[in-house]
Amino acid sequence: MPDMLTTPQGRRIAFHDTAGQGPTVVFLGGFKSDMGGTKAVHLQAWAQAQGRAFVRFDYSGHGESSEAFTDGAIGDWCADARAVLAMIDGPLVLVGSSMGGWISLLCAKAMPQRIAGLITIAAAPDFTEDSMRASFDADQRDALMRDGQIALPSDYGDPYIITRRLIEEGRDQLVLRDPLDLPFPVRFLQGTADMDVDVSVAMRLLDHVTGNDVRLTLVKGADHRFSDPDCLALMTQAVQQVLDRIGS
């Protein structure tokens, strides 16, 4: 059973905390995913083998946390992440997957003094605006305004219910429109066969951020899941490389 944390907003967040030496590695999952996913569980096993402090958690409306998925938006899920980070002592290394990449960038922008390093996997910054809203046709936009939500097909199961609030609130969380300095080791990982996040997003992110130790690794043929054995090994190698760069 997971532990539970109550956020300042009253949401109940499920998490697993692995004891070990710091900085603490924290996994931030993707849109409508949960902390039981392949990457999160693999990274926890790696952290345990390394004697490394590690935390994985579910945003509200995801996995074992409280609330309905359709009640949430990017700002809510970022607040959930910040509540989890606030309970951890010492520096943090964030590992953000897909939407978790966006949320990890928001956290890094809000609390750079806490962040020792950052790794993203198929990061999807600003996707509510640049991917979802930009792709809606006139009928979808009308339905979103009229009904407050629309359904989008998903390759991962049931359709995604996209709410008007998710789109509108996402505009307050954009990270690619203003300067974004990442003054710590950063590793971006991206598959070239990703059908959800195009390589151009990774290139835009790389060009946009500033920092003295920022690298992008492209994996030819890797898809959005980024969960085959080679991709999982690359993820842990990137985390270890960041830890080595900060001398931990």
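Here the structure is a predicted model, which means the values were calculated and not measured.

Caption draft 1: The arrangement of the overall build of the protein in detail. Scanning the protein from N- to C-terminus turns up eight helices and ten strands. Here the protein has a C-alpha radius of gyration of 17 Å; the compact-globule value for 248 residues is 18 Å, and the two agree. Its C-alpha atoms put the protein at 55 × 40 × 35 Å along the principal axes. Here the protein holds 248 residues, and the buried ones make up 52% of them. Nonlocal contacts in the protein, meaning residues at least 24 apart in sequence, comprise 73% of its contacts between residues at least 6 apart. As displayed, the protein has an accessible area near 10,800 Å², and 47% of this comes from carbon and sulfur atoms.

Caption draft 2: Structural context of the pairing of strand β10 (residues 214-219). Sheet analysis places strand β9 (residues 186-191) next to β10, joined by six bridges and oriented parallel. Residue pairing in the sheet places Val186 in a bridge with Val214 of β10. Handedness of the crossover is the feature at issue here: the chain leaves β9, passes through helix α7 (residues 199-208), returns alongside β10, and the resulting connection is right-handed.

Caption draft 3: The arrangement of a negative patch on the surface in detail. Negative charge collects at one region of the surface, where Asp155, Asp196, Asp223, Asp228 and Asp230 lie side by side. Mapped onto the secondary structure, Asp196 falls in the loop between β9 and α7.

Caption draft 4: The arrangement of the packing of aromatic side chains in detail. Per the counting criterion, the structure on display carries eight aromatic pairs. Taking 5.2 Å as the distance between ring centres and 70 degrees as the angle between the ring planes, the aromatic pair formed by Phe31 and Phe69 counts as edge-to-face. In this pair, Phe31 is assigned in the loop between β3 (21-28) and α1 (38-50) and Phe69 in the loop between β4 (52-57) and α2 (74-86), connecting sequence segments 38 residues apart. When the ring centre of Phe69 is taken as origin, the NZ or CZ atom of Lys32, which lies over that ring, is 5.3 Å away.

Caption draft 5: Quick peek at the nonpolar core. Phe31, Ile162 and Leu182 are the most contacted members of the largest nonpolar core, which has 55 residues in total. Setting aside anything within four residues of it in sequence, one finds Leu182 in contact with Leu105, Ala108, Leu118, Phe188, Val209, Thr210 and Gly211. Formed by 23 residues, the second largest nonpolar core is a distinct cluster that contains Val25, Ile119, Ile121 and Cys231.

Caption draft 6: Inspection of the environment of Arg177 at higher detail. One can find Arg177 in the loop between α6 (164-170) and β9. A relative accessible area of 39% places Arg177 in the partly exposed class. C-alpha separation for the pair Arg177 and Pro229, spaced 52 residues apart in sequence, amounts to 35 Å. Contact partners of Arg177, with chain neighbours within four places excluded, come to Asp126, Glu129, Asp130, Arg204 and His208. One polar contact links Arg177 to Asp126, side chain to side chain, over a distance of 2.8 Å.

Caption draft 7: Quick peek at the side chain of Arg52. Following the sequence through the fold, Arg52 ends up in strand β4. Asp244 provides the closest opposite charge to the buried, salt-bridge-free Arg52, at an N-O distance of 6.8 Å. Sequence-distant contacts of Arg52, that is, excluding residues within four places in its chain, are made with Thr18, Ala19, Gly20, Gln21, Gly22, Pro23, Val25, Trp46, Ala47, Leu243 and Ser248.

What counts and what doesn't
- Residues numbered from 1 in each chain as written.
- Predicted model: local features only at pLDDT ≥ 70, side-chain atom pairs only at ≥ 80, totals over all residues.
- Heavy atoms only, no water.
- Helix = DSSP H or I, 4+ residues; strand = E, 2+ residues; numbered from the N terminus.
- Rg over C-alpha atoms; globule rule 2.2 N^0.38 Å.
- Buried < 20%, exposed > 50% of the residue type's maximum accessible area, 1.4 Å probe, protein only.
- Contact = heavy atoms within 4.5 Å.
- Areas by Shrake-Rupley, 256 points an atom, 1.4 Å probe, with all protein chains shown as cover.
- Pairing = 2+ DSSP bridges.
- Right-handed = clockwise from strand over helix to strand, strands pointing away.
- Patch = residues over 30% accessible without salt bridge, like charges linked within 9 Å, V, L, I, M, F, W, Y side chains within 5 Å.
- Salt bridge = Lys/Arg side-chain N within 4 Å of Asp/Glu carboxyl O.
- Lys, Arg positive; Asp, Glu negative; His and termini not counted.
- Charge placed at Lys NZ, Arg CZ, Asp CG, Glu CD.
- Phe/Tyr/Trp six-rings, centres within 6.5 Å; stacked < 30°, edge-to-face > 60°.
- Lys NZ or Arg CZ within 6 Å of the ring centre and 35° of its normal.
- Core = buried A, V, L, I, M, F, W, Y, C linked by side-chain atoms within 4.5 Å.
- Polar contact = N/O pair within 3.5 Å; in protein donor to acceptor, adjacent residues only side chain to side chain.

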